[in-house]
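# Descriptive structure summary
Residue-level listing of the chains:
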Amino acid sequence: MDAVLPQRLREENTVEVSHVQHRLALGVEWLDAVSGLPAEGRWVSELQAIGARPCVQRTEPHPRGRHALRAAGRLARLLERAAKDKVAVPPPSAEADPTNFVLRAWGEATPRAEGYATGNDPRRYVPRRLSFTPVQAAGVPTAQRDNIRAVRLWPGTAYPLAAHTSALRGRVRRGPSLPASHPVAWARIVVTRPNGGPPDFATETQLAWGHGDDRGEFLVVLGPEAVPGGAALPATLPLRVWVFLPPADSFDPQDPLASLPLEVSGTAATSALLDGRQVPATYVQRGPIDIAPPPGKVFTMNDSDLRFT
């Protein structure tokens, strides 16, 4: 019997199984930092610029916390020009890449075309501001999954907590005294386990993270890692709290998100930065504050402990 040779594929002997109608410029999957599941509630992400070129455009929401930007229209034209600039004059750093997508993202209680409003924030998650560098060829984003990124959102003060959750609340302030202090927006909080020696953030085990909001308030959810092993639940949890502050107060109540730190993620699909577990480079370390809250409860930290000069 003669061997049957496979035919070369041509239009006349193939059947179309899918048709790409548009190309993805950027896809972001917003995840709950505590559960790892898709973020819940109404979440808005808005493109602010491509590099230094303003390009305000909201992303398209999709199921399971996914948002997308298509490589079409004005966005595609600006990205093509930016790619040519990048080839002509290579950027000195990832921050200066002219093809970067700069996004701001926030929660909304009700739809609002004018953008973020403090009174319309359900405060389930804390807003973020990020920069993504698209993977592209000749100014066109690649057709693979290279431009899909997973970003975690951290609990806001109204984040729903299950019964008997161990958590910390507080409000970060700056000022010469407590009566003369003011809230510090967008602080970062890290909880570690004391190791018995002098306090050392670099060597202590990190147990939990939190992001402060525009009012200086934070909620840190403590996972099982914070509870020492053993048959009996301890009466208290020995914890150490580190606070990281922006170097200067630049908060503008007329544009609250303008002072959000810009987190430059490059082309990484996942990273500590995208997870929200990387302190912005310009932030200054304060603390530590040693506390011993009871497990299974929400512990509110003293205002005086969270005031810094």
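Our structure's up above, just so we're on the same page.
Now for a description of the structure that goes with this document. (Residues numbered from 1 in each chain as written. Predicted model: local features only at pLDDT ≥ 70, side-chain atom pairs only at ≥ 80, totals over all residues. Heavy atoms only, no water.)

### Thoughts on the sheet that holds strand E13 (residues 182–183)
Reading across from one edge, E13-E12-E21 is the order of the 3 strands in this open sheet, with mixed pairing throughout. The sheet is open, and its two edges are formed by E13 and strand E21 (307–308), each paired on a single side. With 2 bridges connecting them, strand E12 (residues 173–174) and E21 associate as parallel partners. Directly across from Arg173, in E21, lies its bridge partner Arg307. (Pairing = 2+ DSSP bridges. Helix = DSSP H or I, 4+ residues; strand = E, 2+ residues; numbered from the N terminus.)

### A few points about the sheet that holds strand E3 (residues 53–58)
Here 5 strands make up an open sheet; going across it, the order is E3-E2-E6-E7-E18 and the pairing mixed. A single partner strand is all that each edge strand has here, and the edge strands are E3 and strand E18 (262–266). The average angle at which neighbouring strand axes cross in this sheet is 25°, direction not considered. Strand direction decides the pairing type here: strand E6 (residues 101–107) and strand E7 (residues 128–132), joined by 5 bridges, are antiparallel. (Axes fitted to C-alpha atoms, helices over the stretch in contact; angles between N-to-C directions.)

### Examining helix H1 (residues 73–88)
Here H1 contains 16 residues, and its C-alpha end-to-end distance of 23 Å stays within 8% of the 22 Å for a straight helix at 1.5 Å per residue. For H1, every residue scored as buried is listed here: Leu75, Leu78, Leu79, Ala82 and Ala83. All buried residues of H1 fall inside an arc of 145° around its axis, so they share one side. Residues Lys84, Val87 and Ala88 are exposed on H1 and point more than 90 degrees away from its buried face. (Expected span 1.5 Å × (residues − 1). Buried < 20%, exposed > 50% of the residue type's maximum accessible area, 1.4 Å probe, protein only. Arc of directions from axis to C-beta.)

### Observations concerning the nonpolar core
Counting 28 residues, the largest nonpolar core has Trp30, Leu47, Ile50, Leu69, Phe101, Leu103 and Phe132 as its most contacted members. Elements represented by at least two residues in this core include exactly strand E1 (24–32), strand E2 (43–50), H1, E6, E7, strand E10 (148–153) and strand E16 (217–222). In this structure Ile50 touches Cys55, Leu75, Leu78, Leu79, Ala82, Pro98, Thr99, Asn100 and Phe101, once residues within four positions along its chain are discounted. If you look at the next biggest cluster of nonpolar residues, it comprises 22 residues, including Leu168, Leu207, Ala208 and Ile289. (Core = buried A, V, L, I, M, F, W, Y, C linked by side-chain atoms within 4.5 Å. Contact = heavy atoms within 4.5 Å.)

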